[in-house]
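Spelled out, the chains give:
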Amino acid sequence: MSAYDAIVIGSGITGGWAAKELTEKGLRTLVIERGRNVVHRKDYITEHKPTWELPLRNARLSVGTKGAEEYPIQARTNQFRESNKHFFVNDHKHPYVEEKPFTWIQGDQVGGKSLIWGRQVYRWSDLDFEANLRDGHGVDWPIRYPDIAPWYSYVERFIGVSGEKLGLPQLPDGEFQPPMEMNAGEKLVKAGIERAFPGRHVTIGRVAILTQPLHGRLPCHYCGPCERGCSTGSYFSSQASTLPAAQATRRLTIVPNSIVHSVLYDADKNRVTGVRVVDTNTKATREYYARVVFVCASALGTARILLNSTSSRFPNGLANSSGVLGHYLMDHHFLVGARGRIDGLLDRYYQGNRPNGIYIPRFRNLGDDASRRDYVRGFGYQGGAGREGWGRGGGEAGFGVELKHRLQEPGGWSMGMTGFGECLPREDNFAALSDQTDEFGIPVLRIHCTWGDNELAMRKDMAASAGEMLEAAGVKDVRTYDAHREGGLGAEPGLGIHEMGTARMGRDPKTSVLNAYNQTHDVPNLFVTDGACMASSSCVNPSITYMALTARACDYAVGELKRGNL
Amino acid sequence: MNRASISRRQALQQVAMLLGGAISAPTVAGVLSTATRRAWAASPQWGPRTLSAAQLELVATMAEHIIPQTDTPGARGAGVHRFVDTLLSDHYPTEERDRFLAGLADVDARAQAAQGKTFIACTPEQQVALLTAMDEAAYPPVRIDSARPPETWFFRRMKEVTLVGYYTSETGASRELRVNPMGVYRGDIPFPASGGREWS
């Protein structure tokens, strides 16, 4: 079949970026997507639908309810609702084996999870890139902040990020559009926390949502539910941003409904030559060829493809001479924090649905007095304040005219926050091929992942510190919470939807899969730029780091291609 | 013309395109509600799929007591009973559906015990008295959740689905409350400390 300059596996956040960069640099590029096509605007079938047009009124489709029958895994996340279930994978079609509770949330369409992601974007700092070297967990990152900083800027200028500059070394500032505004409750809590805890900061979330026009995309119109798709392209998605840029070059081809079975490898030349796919409609097998292959299939999807790409040279998976492929799986642990009631401010309100909350940057283990003996690394908080709505009536006595009149007015203020904690890279957290296959004849993953002592010790501090800060800010009835249940569901690995680390970067080919440019140590024309590449997890939302690494890797790959090295 | 103004013009064109032509933003709500009013109008063919006619009437009657007609329609006018039938048919797991139906039966059993007739056959005053007793049991003055008697599950659930069904209906969301308009976000604005309407 036809040959391309480059093949990109996956069309989500990193696949879209690879497509844009490679086509803009002159490469005829084929993007292969497992899921169906989703056309920008046209296929956002629930966008701006008033709730009364949704038969279940946008019910949360939890596990076991009708409407979630085909989604026993996806239904575990609170993101899964009547209005956006069509952007999640059918679990019966794409199963995996849970050796320990692990929730694998997957998209299954062009655009991948970029349509439903959380849109929070924070730069890493050298506190993160040096962490493995400093405390000995994992392998040393082969890059430092100055290597990636210009690529963060490059990405931010293209995707559009709104946020506030803070000047903090642990959370570097970026190229920001004007920040969204905090509400009165958040301003009150911010003032209280910053007064009681010098060095801690409460800021508005840094989000890949526009507050000014950018490249033909419109600023946010504050309808609220981004996860239904955005016709004005106000939040970053592959559909709104990278894929149109790639299409404009006329060098892009996208084939949806094609699941990659394996990457083809030529042992004589030590190069990959293309991919073998299975058509998800007809089950027919096809092959595509190219000079360079970028695997952007998500951390676990990428591991699965490479593990299934075996040869006499790589019997345990392509580019896996180190044996670490599939291992060092990480996620952020969360759903631990505190909430409470804010008295007063009944003469303040807000207008519009802001798709964003507040952020409290990491303040632990910065090498100062706030360092802890009971765990390493750190965490940040996301949260927000608001006035209670009509739903409060379900928890209060009374009915009739009195209740109806009471619920006409907004209720009191409350404030909540949840921590997002760093997870250590551990060899015994892994994904491997099971002996079961899916309907396309591809072995499915078995996943074995647990939180370790470090994460569990950190969670205690995450709950306590959240409670302590809210109380110091004058919040009443503060209650801490921790959704983690040992061995069960609640805050199990995977639920953070920040899974990463299965094909890590490193300096040593014996202990890592990728070099400093996301190129496999073993095979020069094979690159991995999605979450699989991560050698540690930091505590901040990871997507913008994947984007920056992808753009950087594309720049390197095209240069090497031109130099004749691939 | 500078770049910013070009962007703004393009922006306005995109908005116009989205709305299907050159109409101004303030009319969007009106356009939507005309279309949706048509969509939501109870069709003459509508019939319950889980509830019997008597159960449907029981749900509608209880819901109307919880959110009655005032200067705006109440739960019955907003079709809460139809929403409840949809939930029971298309969303609730079987056990939960059966528990809800058992709760409805229990309401009639309470009415029989107190008045010797079904809930529907009771006078409005008798119905309110029955619901008041259920409400007081479900929401004791000191909230200790674990101590709440299990038979109060139904009334709390009934109240919850009534509120959801009402305030997410077009009537509840746009006439009783106000639909939060698209377009701008103002994070911290003055508001009357009493008498102001909340966003639906």
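Refer to the structure presented above.
To start, this report covers the structure provided alongside it. (Residues numbered from 1 in each chain as written. Chains lettered and ligands numbered in written order. Predicted model: local features only at pLDDT ≥ 70, side-chain atom pairs only at ≥ 80, totals over all residues. Heavy atoms only, no water.)

### A look at the interface of chain A and chain B
So, step 1. Each partner contributes residues to the interface: chain A has 61 residues there, and chain B has 72 residues.
So, step 2. Carbon and sulfur atoms make up 58% of the area that chain A and chain B hide from each other, which totals about 5600 Å².
So, step 3. For chain A, the biggest contributors to the area lost against chain B are A:W52, A:Q351 and A:W390; these three give 17% of the whole.
So, step 4. The interface formed by chain A and chain B includes 3 salt bridges.
So, step 5. Where chain A touches chain B, the interface holds 31 residue pairs in polar contact (both at pLDDT 80 or more).
So, step 6. If you list the elements that add at least two residues to the side of chain A that touches chain B, you get α5 (184–196), β12 (348–351) and α8 (401–406) of chain A.
So, step 7. Here the side of chain A that touches chain B is composed, by residue class, of 23 nonpolar, 22 polar and 16 charged. (Contact = heavy atoms within 4.5 Å. Buried area = accessible area lost by both parts, 1.4 Å probe. Salt bridge = Lys/Arg side-chain N within 4 Å of Asp/Glu carboxyl O. Polar contact = N/O pair within 3.5 Å; in protein donor to acceptor, adjacent residues only side chain to side chain. Helix = DSSP H or I, 4+ residues; strand = E, 2+ residues; numbered from the N terminus. Nonpolar A, V, L, I, M, F, W, Y, C, P; charged D, E, K, R; others polar.)

### Remarks on helix α4 (residues 80–90) of chain B
So, step 1. The buried fraction of α4(B) is high, at 10 of 11 residues.
So, step 2. If you check which residues of α4(B) are buried, you get B:V80, B:H81, B:R82, B:F83, B:V84, B:D85, B:T86, B:L87, B:L88 and B:S89. (Buried < 20%, exposed > 50% of the residue type's maximum accessible area, 1.4 Å probe, protein only.)

### A closer look at the sheet that holds strand β15 (residues 413–421) of chain A
Across a sheet, paired strands are connected by hydrogen bonds in the backbone, their directions being either parallel or antiparallel.
All names here are of chain A.
So, step 1. The sheet built from 6 strands is open, its strands ordered β6-β13-β14-β15-β11-β18 with antiparallel pairing. Both outer strands of the open sheet, β6 (203–204) and β18 (476–482), are each paired with one neighbouring strand and no more.
So, step 2. The sheet contact formed by strand β11 (residues 336–342) and β15 spans 6 bridges and is antiparallel. For I342, the partnering residue across the bridge sits in β15 and is W413. (Pairing = 2+ DSSP bridges.)

### As for the nonpolar core
So, step 1. Ranked by size, the top nonpolar core spans 183 residues in total, and within it A:I159, A:V275, A:I447 and B:F100 carry the most contacts.
So, step 2. With residues up to four places along the chain from it excluded, the contact list for A:V275 reads A:I7, A:I9, A:I32, A:V260, A:S262, A:V263, A:L264, A:R286, A:E287, A:Y288 and A:V293.
So, step 3. By size, the runner-up hydrophobic cluster in this structure holds 22 residues, among which are A:A6, A:L22, A:V110 and A:Y556. (Core = buried A, V, L, I, M, F, W, Y, C linked by side-chain atoms within 4.5 Å.)

### Focus: the packing of helix α5 (residues 94–115) of chain B against helix α6 (residues 124–138) of chain B
All names here are of chain B.
So, step 1. Between α5 and α6, the least distance of the axes is 11 Å, while the angle of their chain directions is 120°. At the point where α5 passes α6, the crossing takes the right-handed sense. Taking contact as the criterion, the partners of V107, R110, A111, A114 and Q115 in α5 are, on α6, Q126, L130 and M134.
So, step 2. A per-class count over the contact of α5 with α6 returns 5 nonpolar, 2 polar and 1 charged. (Axes fitted to C-alpha atoms, helices over the stretch in contact; angles between N-to-C directions. Left-handed = near helix turned anticlockwise from the far one by under 90°.)

### Re the side chain of A:Q408
So, step 1. Mapped onto the elements, A:Q408 comes out in the loop between α8 and β15.
So, step 2. Using a relative accessible area of 12% as the deciding quantity, one classes A:Q408 as buried.
So, step 3. At 2.9 Å, the side chain of A:Q408 and the side chain of B:E176 are in polar contact.
So, step 4. Residues within four places of A:Q408 in sequence aside, it is in contact with B:E176, B:L177, B:G196, B:R197 and B:E198.

### Quick look at the packing of aromatic side chains
So, step 1. Counting across every chain of the model gives 29 aromatic pairs over all chains.
So, step 2. Seen from their ring centres, A:Y265 and A:F314 are 5.2 Å apart, and the 70° between their planes marks the pair as edge-to-face. Here A:Y265 is found in strand β8 (residues 258–266), whereas its partner A:F314 is found in the loop between α7 (299–307) and β11, with 49 residues between them in sequence.
So, step 3. Note on A:Y265: relative accessible area 17%, which makes it buried.
So, step 4. Members of the aromatic cluster, joined through ring pairs, are A:Y349, A:Y350, A:W413, B:F191 and B:W199.
So, step 5. Over the face of the ring belonging to A:F363 we find A:R200, whose NZ or CZ atom lies 3.8 Å from the ring centre.
So, step 6. A cation sits over an aromatic face here: B:R178 above B:W199, 3.9 Å from the ring centre. (Phe/Tyr/Trp six-rings, centres within 6.5 Å; stacked < 30°, edge-to-face > 60°. Lys NZ or Arg CZ within 6 Å of the ring centre and 35° of its normal.)

### Concerning the pairing of strand β14 (residues 379–387) of chain A
It is a general feature of regular strands that their side chains alternate between the two faces of the sheet.
Residues and elements named next belong to chain A.
So, step 1. Counted residue by residue, β14 has 7 buried out of 9 residues, so it is predominantly covered.
So, step 2. Relative to β14, strand β13 (residues 358–360) is paired through 3 bridges, and the arrangement is antiparallel. Pairing of I358 across the sheet is with G383, part of β14.
So, step 3. Both β14 and β15 contribute to a ladder of 9 bridges, which runs antiparallel. If you follow R387 over to β15, its bridge partner there is W413.

### Overview of the pattern of salt bridges
Residue and element names in this part refer to chain A.
So, step 1. Scanning the model with the defined rule gives 48 salt bridges over all chains in all.
So, step 2. Ionic pairing is found between R446 and E99, a salt bridge with its closest N-O pair at 2.9 Å. Taken together, the residues R446 in strand β17 (residues 443–448) and E99 in the loop between β3 (97–98) and α2 (126–129) connect sequence positions 347 residues apart.
So, step 3. Assessed through its relative accessible area of 37%, E99 is described here as partly exposed.
So, step 4. Among the ionic pairs, D173 bridges to R206, the shortest N-O distance being 2.9 Å.

By themselves, these figures tell us nothing about what the structure is for.
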